[in-house]
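Residue strings, one per chain:
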Amino acid sequence: MDVAGKVVLITGAARGIGAETARRLAREGARLALVGLEGEQLRQVAAECGGRAWEADVTDRAALERAVGEVVDHYGGIDVLVANAGVAATGFIRSMDPAAFERVIEVNLLGVWRTVRTCLPHLIASRGYCLVVSSLAAIVHIPGNAAYSAAKAGCEAFADSLRAEVRHLGVDVGTAYFSWISTDMVNSADEHPVFGPLRAGMPGLASKKYPVSAVGKAVVRGITRRARAVHVPSWVGALKLVRALAPRIVERQARGLVPAADREMAANDLSGLVGPGGTAAGKP
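As the structure is a prediction and not an experimental result, all values here were calculated from the model. (Residues numbered from 1 in each chain as written. Predicted model: local features only at pLDDT ≥ 70, side-chain atom pairs only at ≥ 80, totals over all residues. Heavy atoms only, no water.)

K.L.:
I keep staring at empty space enclosed by the protein and nothing clicks. Help me out?
P.N.:
Empty space among the atoms becomes visible once a probe the size of a water molecule is rolled across them. Scanning all chains against the criterion turns up two cavities of 30 Å³ or more. One number sums up the size of the largest cavity: a volume of about 40 Å³. Taken together, Thr90, Gly91, Phe92, Gly144, His192, Val194, Phe195, Leu198 and Met265 make up the lining of the largest cavity. Partitioned by chemical class, the residues of the lining of the largest cavity number five nonpolar, four polar and no charged. Considered as a void within the structure, the second largest cavity measures approximately 30 Å³ in volume. Thr11, Val58, Ala83, Asn84, Ala85, Val107, Gly111, Val112 and Thr115 are the residues that line the second largest cavity. A breakdown of the residues in the lining of the second largest cavity according to their chemical character gives five nonpolar, four polar and no charged. (1 Å grid on protein atoms, 1.4 Å probe; cavity = no way out; pocket = protein on both sides within 12 Å on 5 of 7 lines; lining within 4 Å. Points joined across faces, edges and corners; volume = space filled by probe spheres on them. Nonpolar A, V, L, I, M, F, W, Y, C, P; charged D, E, K, R; others polar.)

What follows is the structure in structure tokens.
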């Protein structure tokens, strides 16, 4: 796919991966429709990209339908969807704020479902491409990240089913798997008094952060190839082949790290959504 002149709708585009992808696509001549919260920030990114911004919460079906309808009225259709909007929360299951846990599922999984469902007729009309942003967390399920892992594993399963359902309609579906990326969300989580040290204690590549520019570059390449999968870093793709081993490795590593962290999380009110995106998403 030559993205020049194509209409690309990106959710969660006010900052991080969404904003970086938008800027790179703009340089390739794409026409950008940016959807998300943080309206002022979103409009600033849209202005940088020569695109348009639509402020909408991906968990609000009516707001999404209005935004997508206005995108189609303005641009005439949608060629590419990047379902990227997401939030994260810190906390262990036994002590975590239930509202924060459920908000992660609501945004990261049900928000993807609502976004794709709303845009799908237009992607079918253009025989377009849909990229669902999942995560390394769909493959490796670390302690303190249950809500995010569950949502991103759901995104992966959702994209697999969608791919099989719409291929005969000319729509290609990709799934994106990213490790820890240096975004406001991850950097804010690193400042958490319990989760930050827990993540930093992961062995080797498991704790490394990668620049958001690497993700933007990979996503643009994935769109042009209508790729089935996008991986950053590349070793995430290899890890998928041995994913059955991941739970035992995580459990072994967690033995020395989790007990003290779990006690601290249970004794103090330290769970909740992280980063500016989490603040904007708030609670239901």
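K.L.:
Can you walk me through the pairing of strand β4 (residues 80-83) in this structure?
P.N.:
Taken residue by residue, a regular strand's side chains alternate between the two faces of the sheet. Because side chains alternate across β4, one face comprises the buried residues Val80 and Val82, and the other comprises Leu81 and Ala83, equally buried. Examined bridge by bridge, β4 and strand β6 (residues 129-133) share four bridges and lie parallel to one another. Each residue of the ladder has a partner; that of leucine 81, found in β6, is cysteine 130. (Buried < 20%, exposed > 50% of the residue type's maximum accessible area, 1.4 Å probe, protein only. Helix = DSSP H or I, 4+ residues; strand = E, 2+ residues; numbered from the N terminus. Pairing = 2+ DSSP bridges.)

K.L.:
So what exactly am I meant to see when it comes to the environment of aspartate 73 here?
P.N.:
Position of aspartate 73 relative to the elements: it lies in helix α3 (residues 61-75). The exposure class assigned to aspartate 73 is exposed, which follows from its relative accessible area of 68%.

K.L.:
Sorry, what's going on with unusual backbone geometry here?
P.N.:
What is expected of a backbone is that most residues other than glycine have negative phi and most peptide bonds are trans. In the segment running from valine 232 into proline 233, the intervening peptide bond is cis, with an omega of -5°. Here proline 233 lies in the loop between β8 (229-232) and α9 (235-239). Within the chain, arginine 226 stands out as a residue other than glycine whose phi angle is a positive 50°.

K.L.:
Sorry if this is basic, but what is going on with the packing of α3 against helix α4 (residues 98-126) here?
P.N.:
Helices that pack against each other are described as a pair by the angle of their axes relative to one another and the distance between those axes. Closest axis-to-axis distance for the α3/α4 pair is 10 Å, and the angle between their directions is 30°. With respect to each other, α3 and α4 are oriented roughly parallel. In this structure, α3 crosses over α4, and the sense of that crossing is right-handed. On the side of α3, the interface is formed by Arg61, Leu64, Glu65, Val68 and Val72, while α4 contributes Trp113, Arg114, Thr115, Thr118, Cys119 and His122. (Axes fitted to C-alpha atoms, helices over the stretch in contact; angles between N-to-C directions. Parallel < 35°, antiparallel > 145°, perpendicular 65-115°, else oblique. Left-handed = near helix turned anticlockwise from the far one by under 90°. Contact = heavy atoms within 4.5 Å.)

K.L.:
Sorry, what's going on with α4 here?
P.N.:
At 3.6 residues per turn, the α-helix brings residues three or four places apart onto the same side. Its 29 residues place the ends of α4 40 Å apart at the C-alpha level, agreeing with the 42 Å of an ideal helix rising 1.5 Å per residue. Leucine 120 marks the point of greatest bend in α4, at about 45°, and the proline proline 121 comes within the next four residues. Looking at where α4 begins, the residue whose side-chain oxygen comes 3.1 Å from the main-chain nitrogen of alanine 99 is aspartate 97. Backbone geometry just after α4 places arginine 127 at a positive phi near 50°. (Expected span 1.5 Å × (residues − 1). Bend = angle between axes of the 7 residues up to and from the residue. Polar contact = N/O pair within 3.5 Å; in protein donor to acceptor, adjacent residues only side chain to side chain.)

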